[in-house]
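Chains, contacts and geometry: an overview
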Amino acid sequence: MKCAFPDWASFTPESAAAELPRLLDEAEKSVSAIEAAGTRAYEDFVWPLDDATRELWRCWGMVSHMLGVMNSEKWRKVEEEWQPKIVAFSLRVSQSKRLYEIAKALGEAGESVKRRILEKMVQGAELAGVGLEGAQKERFNEIQMKLAKLGADFHNTVIDATAAFKYEKGGKTYTIDDADYPETMKHCADREVREKLYRARAMRAPENEPRIAEILKLRQEEAEILGFGNYAEKSLATKCAPGVEAVMKMIDDLDAATARKA
């Protein structure tokens with residue numbers, strides 16, 4: 001297992017684009033080998049499967065991080081080229097009936113911790129559409145691709161809007177960047193400055209409005225394909241809250257309890 005801290009200084013759009021093809025190919029071959037093998041013990045299945053994809057997800061996670069902290073046209077080109085391939089591979093692994101069957105069989109026995117891990121693997125596969133066939137599966141995967149693209153466009157638009165905003169007063173320039181905004185809102189004594197920044201940050205990137213509508217529409221369709229009434233129900237499938245009504249009640253209770261302080 002490689003645990004070395006990432007070498008951010010040498011991690012560039014060019015190096016990422018050069019490394020991703022190899023990592024994706026190796027991950028695909030390793031996953032295929034696991035699928036082809038016979039029934040196995042927990043240690044011979046869960047660990048190798050984690051090893052098979054770790055470096056790929058690690059590299060892609062680094063790309064996502066750079067898009068957040070050093071967003072540029074070069075990094076966006078890497079994202080644009082590789083995101084569909086990464087999403088496709090993720091769906092290919094999550095929807096593998098062979099991996100699903102192995103996890104389900106092993107999860108029926110064994111100690112509690114291992115059984116819980118396998119149960120979460122089974123649940124993850126089911127929520128990723130492992131049980132879908134034909135047109136439903138095709139549409140589900142199409143939705144995942146569209147959501148990934150909408151999410152990337154949404155994020156990049158927010159990045160651009162944040163960078164574009166500048167407010168000058170009293171010889172000082174204020175921004176709504178993540179590094180500056182919290183401290184300004186905490187310590188700036190000028191109410192007008194705080195209001196300008198608050199409104200600018202809350203209302204930035206209005207061109208994302210149609211993307212939000214499309215994301216909500218696609219999430220609803222995704223939930224229905226999987227047999228849920230809405231996306232909130234699908235989201236709660238992996239969480240401890242007993243249902244949507246319980247979550248809404250908690251929010252209402254918090255709202256009432258904090259109204260005076262707010």
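Shown above is the structure to which this text applies.
Keep in mind that what you see is a predicted model, and the values were worked out from it rather than measured.

**Some details on the overall build of the protein chain**
- Scanning the protein chain for helices and strands turns up 11 helices and 2 strands.
- With the C-alpha coordinates of the protein chain rotated into their principal frame, the extents come out at 70 × 50 × 40 Å.
- The burial tally for the protein chain puts 32% of its 262 residues in the buried class.
- If you sum the accessible surface of the protein chain, you get close to 16200 Å²; carbon and sulfur atoms cover 56% of it.
- For the protein chain, the distance from the average position of its 40 positive side-chain charges to the average position of its 45 negative side-chain charges is 3 Å.

**Details of the packing of helix 1 (residues 13–36) against helix 2 (residues 46–69)**
- Here helix 1 crosses helix 2 at 160°, and the two axes come no closer than 9 Å. One way to sum up the angle between helix 1 and helix 2 is to call them roughly antiparallel. Handedness of the helix 1/helix 2 crossing: left-handed. Counting all contacts with helix 1, which are made through Ala-16, Leu-20, Leu-23, Leu-24, Ala-27, Ser-30, Val-31 and Ile-34, the residues of helix 2 involved are Pro-48, Leu-49, Ala-52, Thr-53, Glu-55, Leu-56, Cys-59, Trp-60 and Val-63.
- Taken together, the residues of the contact of helix 1 with helix 2 sort by class into 14 nonpolar, 2 polar and 1 charged.

**Observations regarding the nonpolar core**
- Core analysis: the biggest nonpolar cluster contains 35 residues, and Phe-11, Phe-45, Leu-56, Val-63 and Trp-75 have the highest contact counts within it.
- Looking at this core, the elements that each hand over two or more residues are helix 1, helix 2, helix 3 (73–94), helix 4 (97–107) and helix 5 (112–127).
- Here this core gets 10 residues from one element, more than from any other, and that element is helix 2.
- Here Phe-45 is in contact with Ile-34, Arg-40, Leu-99, Ile-102, Ala-103, Leu-106, Leu-118 and Met-121, once residues within four sequence places are set aside.
- Ranked by size, the runner-up nonpolar core spans 12 residues in total, among them Val-87, Ile-143, Leu-147 and Leu-218.

**Concerning the packing of helix 1 against helix 4**
- Helix 4 packs onto helix 1 with a crossing angle of 55° between their chain directions and a minimal axis gap of 9 Å. The pairing of helix 1 with helix 4 is recorded here as oblique in orientation. The handedness of the crossing between helix 1 and helix 4 comes out as left-handed. Facing Val-31, Ile-34 and Glu-35 of helix 1, the residues of helix 4 in contact are Arg-98, Leu-99 and Ile-102.
- When its residues are assigned to classes, the contact of helix 1 with helix 4 shows 4 nonpolar, no polar and 2 charged.

**Some remarks on unusual backbone geometry**
- You will see that Ala-205, though not glycine, has its phi angle at about 55°, which is positive.
- Tracing the chain through its elements places Ala-205 in the loop between helix 8 (191–202) and helix 9 (209–225).
- Overall, the relative accessible area of 7% leaves Ala-205 in the buried class.

**Some details on the pattern of salt bridges**
- Inspection of every chain in the model, using the stated rule, returns 24 salt bridges.
- The salt bridge involving Glu-133 is made with Lys-97; its shortest N-O contact spans 3.0 Å. Pair noted here: Glu-133 is in the loop between helix 5 and helix 6 (134–164) and Lys-97 is in helix 4, with a separation of 36 residues, a long-range link.
- Lys-97 sits in the partly exposed class, given a relative accessible area of 34%.
- Linking Lys-149 and Asp-153 is a salt bridge whose minimum nitrogen-to-oxygen distance equals 2.6 Å. One end of the pair, Lys-149, and the other, Asp-153, are both in helix 6, 4 residues apart, so they sit about a helical turn from each other.
- What makes Lys-149 partly exposed here is its relative accessible area of 42%.

**Concerning the packing of aromatic side chains**
- Following the criterion strictly, the structure yields 3 aromatic pairs and no others.
- Considering the side-chain rings of Trp-8 and Phe-11, the 6.2 Å spacing of their centres and the 85° angle between planes classify their relative orientation as edge-to-face.
- Taking the relative accessible area as the measure of exposure, Trp-8 reaches 29% and is therefore partly exposed.
- A relative accessible area of 11% means that Phe-11 is categorised as buried.
- Counting every residue linked through ring pairs, the aromatic cluster contains Trp-8, Phe-11 and Trp-75.
- Lying over the aromatic face of Trp-82, Lys-85 brings its terminal NZ or CZ to 4.2 Å of the ring centre.
- Of note, Arg-201 hangs over the ring of Tyr-181, and the distance from its end group to the ring centre comes to 4.7 Å.

Definitions and limits used
- Residues numbered from 1 in each chain as written.
- Predicted model: local features only at pLDDT ≥ 70, side-chain atom pairs only at ≥ 80, totals over all residues.
- Heavy atoms only, no water.
- Helix = DSSP H or I, 4+ residues; strand = E, 2+ residues; numbered from the N terminus.
- Buried < 20%, exposed > 50% of the residue type's maximum accessible area, 1.4 Å probe, protein only.
- Areas by Shrake-Rupley, 256 points an atom, 1.4 Å probe, with all protein chains shown as cover.
- Lys, Arg positive; Asp, Glu negative; His and termini not counted.
- Charge placed at Lys NZ, Arg CZ, Asp CG, Glu CD.
- Axes fitted to C-alpha atoms, helices over the stretch in contact; angles between N-to-C directions.
- Parallel < 35°, antiparallel > 145°, perpendicular 65-115°, else oblique.
- Left-handed = near helix turned anticlockwise from the far one by under 90°.
- Contact = heavy atoms within 4.5 Å.
- Nonpolar A, V, L, I, M, F, W, Y, C, P; charged D, E, K, R; others polar.
- Core = buried A, V, L, I, M, F, W, Y, C linked by side-chain atoms within 4.5 Å.
- Salt bridge = Lys/Arg side-chain N within 4 Å of Asp/Glu carboxyl O.
- Phe/Tyr/Trp six-rings, centres within 6.5 Å; stacked < 30°, edge-to-face > 60°.
- Lys NZ or Arg CZ within 6 Å of the ring centre and 35° of its normal.

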